[in-house]
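# Structural overview
The residues making up each chain are set out below.
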Amino acid sequence: SVSESILTKAPKLKQSGYWQRWTSAFFHLTDSRKSWNKVARKYIDIELKKNNYDVIIFSSPPYSFAFLAARLSREVKCPVFLDKRDPWTINPYKIYPTRIHRLLDEKREVKAISEIKYLISAYQSTVDDYGKRIADFESKNVLILPNGYDEEDFDNLNKVNPFKGGKINLGFSGSIYSHLNTPNPIFKAIRELNKEGLDIHFHHVGT
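Residues numbered from 1 in each chain as written. Predicted model: local features only at pLDDT ≥ 70, side-chain atom pairs only at ≥ 80, totals over all residues. Heavy atoms only, no water.

### Comments concerning the pairing of strand E2 (residues 80–84)
On E2, burial follows the alternation: Val80, Leu82 and Lys84 on one face are buried, whereas Phe81 and Asp83 on the facing-out side are not. Pairing of strand E1 (residues 56–60) with E2, which is carried by five bridges, proceeds in the parallel orientation. When the sheet's bridge partners are listed, isoleucine 57 is paired in E2 with phenylalanine 81. With helix H4 (residues 65–75) bridging E1 and its parallel neighbour E2, the resulting β-α-β unit is right-handed. The pairing of E2 with strand E3 (residues 118–121) spans four bridges and is parallel. Paired with leucine 82 across the bridge in E3 is leucine 119. (Buried < 20%, exposed > 50% of the residue type's maximum accessible area, 1.4 Å probe, protein only. Helix = DSSP H or I, 4+ residues; strand = E, 2+ residues; numbered from the N terminus. Pairing = 2+ DSSP bridges. Right-handed = clockwise from strand over helix to strand, strands pointing away.)

### A short note on the packing of aromatic side chains
By the definition in use, this model includes eleven aromatic pairs. Measuring from ring centre to ring centre gives 5.5 Å for tryptophan 22 and phenylalanine 26, while their planes differ by 20°; the resulting arrangement is stacked. Residue tryptophan 22 and its partner phenylalanine 26 are located together in helix H2 (residues 18–27), separated by four residues, close to a single helical turn. Centroid distance tyrosine 130 to phenylalanine 137: 5.8 Å. Interplanar angle 55°. Geometry classified as tilted. Neither tyrosine 130 nor phenylalanine 137 differs from the other in exposure class; each is buried. (Phe/Tyr/Trp six-rings, centres within 6.5 Å; stacked < 30°, edge-to-face > 60°.)

### Brief notes about the layout of surface pockets
Considering only enclosed or pocket space, the largest pocket measures out at about 1000 Å³ in volume. At the level of elements, H2 and strand E5 (167–173) are the ones that each hand at least two residues to the lining of the largest pocket. Among the elements that make up the lining of the largest pocket, the one with the highest residue count is H2 (three residues). Among the residues making up the lining of the largest pocket, the classes are represented as 13 nonpolar, 13 polar and six charged. (1 Å grid on protein atoms, 1.4 Å probe; cavity = no way out; pocket = protein on both sides within 12 Å on 5 of 7 lines; lining within 4 Å. Points joined across faces, edges and corners; volume = space filled by probe spheres on them. Nonpolar A, V, L, I, M, F, W, Y, C, P; charged D, E, K, R; others polar.)

This is the structure we're talking about:
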């Protein structure tokens, strides 16, 4: 039954940290790092009094940094950039305990982003989404800087066929979210390939 299935999966979900993230999302809108803004603003004001800066750049997440970036965009003379490494409310990994939580956060997102003039985004889809949801969204002030690598950095490396014998190392850097991107399928595939004589090893750096 469905209830038995949930009970069976509950220990795994508890162990994965899902419920901790759910509880945090329930009580902290937009995120639990909002208190950082007060401390950050204090030190930014100190720095601006001592030195002249060409630009202020916020890296997000935490998503709540957008609120401080929006405020500073109105109050300081130098340009303020928000570098969005991840989508905000359209992020499939961001947990919303209820529909109300999502709606409130969407309103906060639209208000903050509409007040920030300069934006850096790793995803074109994020910029397209803002173009639909935010009136007079200025895409001309947005820089798309995708995640990835520069191929020329690897031009001088010796070309090696990893399937020509020896150990094969697969690396993953980042977070594994048990409710969305469980690694079980790739683990099963590695197990089957190793049964056929390959020597594949999976390395995870992250949480």
